[in-house]
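# Results of the structural survey
Each chain, written out:
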Amino acid sequence: MSATITPVDASAADTAPTPASRLRRFVRPGAALLSGLLLYLSFPPRPLWWLALPAFALLGWSLRGRRLRAGFGLGYLAGLGFLLPLLIWTGEEVGPGPWLALAALEALFVALAGLGIAAVSRLPWWPFFAAGVWILAEAARARVPFGGFPWGKIAFGQADGIFLPLAAVGGTPVLGFAVALCGFGLYETYRQIQARRAAGTATGTVRDEDTDTGADTESGTATDSGTVGSDSAPATRAGTGLEVTTGTRPRTLPRGPLVAAALAVLVPVTGALAALPLVDDSAEDGTATVAAVQGNVPRLGLDFNSQRRAVLDNHVARTHELAADVKAGRAPQPDFVLWPENSSDIDPYANPDAAEVIDGAVRAIGVPTVIGAVIAPPTGKLRNTLIEWDPDRGPVATYDKRHVQPFGEYIPMRPLVRVFNSNVDRVSRDFGAGTKVGVFDLAGTKVGLATCYEAAFDWAVRDTVTHGAQLISVPSNNATFGRSEMTYQQLAMSRVRAVEHSRSVVVPVTSGVSAVIRPDGEIVAETKMFTPDVLVEKVPLRSSLTPATRMGTLPEALLVALAAAGLGWSAFRSVRSRRTGAE
């Protein structure tokens, strides 16, 4: 009998996974998650807007050269890292279920962005296409499902940033594109610099995969070998995606990728500086003295509705106090007064006692006052209505909120949702949406109205300006979200809208934070949370239109087209590569 001893393959032993190699598998997922967390930290109330740049740089590193499936997964991790902490306020009073469901759903849009960025990352000038893909995902998220949820658009975290003037150029899409582009450009610049350092230590040819026609591998390195001699052994420089082929040939390195990387950083910065003249807070149409009343609520949470008479009385009392201060010379006489959303959840058309106390307060101050009310017709849906109340004629005009909040003001798929959360029955009667743009003529000043949640939607604010608004009001009610970051996130939106449309913005809130914002985005007065207060400020009135206001959705459409072009080009290259390989 004979025995055969089979030697162990040394190469197989060398390729056995080690603890270090296993750990490396989690580096990119960890980086993607961290990029999302950095995006969250760039949002108010923290003035850390600049963290969005390393966030996108890190996201670019995580996604560049990945396969589509990996891009989707990494993008989803980034989305969860971003949206889970950003939207935690949505579970403030109803538990974690709605919060987790919303964040998980919205993170899918970031996952799709990750897939698209991974696809276009193999193209020349990829940072431009990648930033376009991000805006494509934001555009989709702002429209679907249930009318969209644009909360967390990158632009809304840039109220204190150097890129803010770009809001006047092309609105939130251009502002968000600039931030993403600069972040991706920073990573690509670093990558190109590292590649050149690597080239300085080797003789041979350095080949950037962007110039390659071969298919990319999971590591993002091109595999086409037709550009080097057979006597040369290619090696990929870690972290650069560039192949350095050692041999006797002189080193070469294309300049195009470095130029593209530099432009990805310089274009948004230069564009923001060039847009500075569009940020103007001069008074084109004179000034108006406006008062914003914050009456406060009896207690935090969803149950504030059960104290609706107390909420109304609080706003009535603050208005009477303002009238007394004006009479005593302690406060200037306002031209008009703004109450918040839900300041009268008692229908003044159906309840004479509510109408009487409102009328008494308006007569005391003696100027037109905007009242936020819930109108309950005998049949049909409720209406979230702003009422223009004249001191002599009473209610003279109304605006019904056009974009009512799903799962807050109405419940889609109520029977199904009830299975997961019984709080849906707190909304026992759905609100209906209005159809007309809200612009009130208050003592000769045209005031555009965007109620609370509407401030997040580009069209809802822009419509008021194109219909003649010289000033914008965003009456809100944030009492159901307690002392969370929600009110600061929403306030930042109004600051961006001020610059986008070059209008003063007044934000009266039931429980705070109420604020007066100039057309340059500066907050000149604000209240504390859950404190009764009144703000009285003189603000500039303006009627000129910024490029963003004039062009409307055109800049967004162009950026979406850029993304579509990049995705199409990537698909074409992939198909061509497969055909070449098959031959």
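So, a few notes on the structure that sits alongside this text. (Residues numbered from 1 in each chain as written. Predicted model: local features only at pLDDT ≥ 70, side-chain atom pairs only at ≥ 80, totals over all residues. Heavy atoms only, no water.)

### A closer look at the packing of helix H4 (residues 52-63) against helix H8 (residues 167-200)
The line we're drawing: To obtain an axis, a line is fitted to C-alpha atoms, over the contacting stretch when the element is a helix, and the angle between two such axes runs from 0 to 180 degrees between their N-to-C directions. A run of H or I in DSSP becomes a helix once it reaches four residues, and a run of E becomes a strand once it reaches two; helices and strands are each numbered from the N terminus. Between 65 and 115 degrees an angle is taken as roughly perpendicular, under 35 as roughly parallel, over 145 as roughly antiparallel, and anywhere else as oblique. Handedness of a crossing follows from how the near helix is turned relative to the far one, being left-handed for an anticlockwise turn of less than a right angle and right-handed for a clockwise one. Residue contacts follow a heavy-atom distance rule, with two residues in contact if any of their heavy atoms lie within 4.5 Å. Three classes are used, and their members are as follows: Ala, Val, Leu, Ile, Met, Phe, Trp, Tyr, Cys and Pro are nonpolar, Asp, Glu, Lys and Arg are charged, and the others, Gly among them, are polar.
Where H4 contacts H8, the two axes come as close as 7 Å, and the packing angle between them is 55 degrees. By the angle class used here, H4 and H8 are oblique. Judged by the sense of rotation from one axis to the other, the crossing of H4 with H8 is right-handed. For the pair formed by H4 and H8, the contact residues are Ala52, Leu53, Phe56, Ala57, Leu59, Gly60 and Trp61 on the first element and Val179, Ala180, Cys182, Gly183, Phe184, Leu186 and Tyr187 on the second. Residues of the contact of H4 with H8, tallied by class, amount to 12 nonpolar, 2 polar and no charged.

### Quick word on the packing of aromatic side chains
This is how it is decided: To pair, rings of Phe, Tyr and Trp, with the six-membered ring standing in for Trp, must have centres within 6.5 Å; the planes then decide the type, stacked if under 30 degrees apart, edge-to-face if over 60, and tilted in the middle. To sort residues, take the accessible area from a 1.4 Å probe on protein chains only and compare it with the maximum for the residue type: under 20% means buried, over 50% means exposed, and anything in between is partly exposed. Two limits define a charge over a ring: the Lys NZ or Arg CZ must be within 6 Å of the ring centre, and within 35 degrees of the ring normal.
By the definition in use, this model includes 15 aromatic pairs. Ring centres of tryptophan 89 and tryptophan 151 lie 5.0 Å apart, and the angle between their planes is 50 degrees; on these two criteria the pair is classed as tilted. Of this pair, tryptophan 89 sits in the loop between helix H5 (68-86) and helix H6 (96-120) while tryptophan 151 is found in the loop between helix H7 (126-141) and H8, placing the two residues 62 residues apart along the sequence. An identical accessibility class is assigned to tryptophan 89 and tryptophan 151; each is buried. The aromatic ring of tryptophan 61 is capped on one face by arginine 28, whose charged end is 4.3 Å from the ring centroid. In this structure, arginine 46 packs its charged tip against the face of tyrosine 40, placed 4.5 Å from the ring centre.

### Examining the nonpolar core
Quick reminder of the rule: For our purposes a nonpolar core is just a set of buried Ala, Val, Leu, Ile, Met, Phe, Trp, Tyr and Cys residues, chained together by side-chain atoms within 4.5 Å.
Residues Phe56, Leu87, Trp134 and Phe163 are the most contacted members of the largest nonpolar core, which totals 76 residues. At 12 residues, H8 tops the list of elements feeding residues into this core. Once you skip the residues sitting within four places of it in the chain, tryptophan 134 turns out to touch Leu39, Phe56, Leu59, Val110, Ala113, Ile117 and Ile154.

### Re the side chain of glutamate 500
Which entries qualify depends on this criterion: What qualifies as a polar contact is a pair of N or O atoms within 3.5 Å, subject to a donor-acceptor requirement within protein and to the restriction that residues adjacent in sequence count only when both atoms come from side chains.
Along the chain, glutamate 500 falls in helix H14 (residues 486-501). Assessed through its relative accessible area of 4%, glutamate 500 is described here as buried. Only 2.7 Å separates the side chain of glutamate 500 from the side chain of arginine 497, close enough to count as a polar contact. When sequence neighbours within four positions are dropped, the list of residues in contact with glutamate 500 reads Ala167, Ala168, Gly171, Thr172, Thr546, Ala548 and Thr549.

### What about H4?
In plain terms, the rule: To estimate how far a helix should extend, the number of its residues minus one is multiplied by 1.5 Å.
With 12 residues, H4 should reach 16 Å at 1.5 Å per residue; the first-to-last C-alpha distance of 16 Å fits that figure. Counting buried positions over the 12 residues of H4 gives 9, a clear majority of the element. Looking only at H4, the buried set comprises Ala52, Leu53, Ala55, Phe56, Ala57, Leu59, Gly60, Ser62 and Leu63. Where H4 is buried, its residues contact helix H3 (27-41), H5, H6, H7 and H8. Two residues or fewer after H4 comes glycine 65, characterised by a positive phi angle close to 80 degrees.

### Observations regarding the packing of H4 against H5
Where H4 meets H5, the axes come as close as 10 Å, and the angle between the chain directions of the two elements is 155 degrees. Here H5 runs roughly antiparallel to H4, going by the angle between their axes. As H4 packs across H5, the resulting crossing turns out to be right-handed. Contact with H4, carried on its side by Leu59, Ser62 and Leu63, involves Gly71, Leu74, Gly75 and Ala78 of H5 and no other residues of that element.

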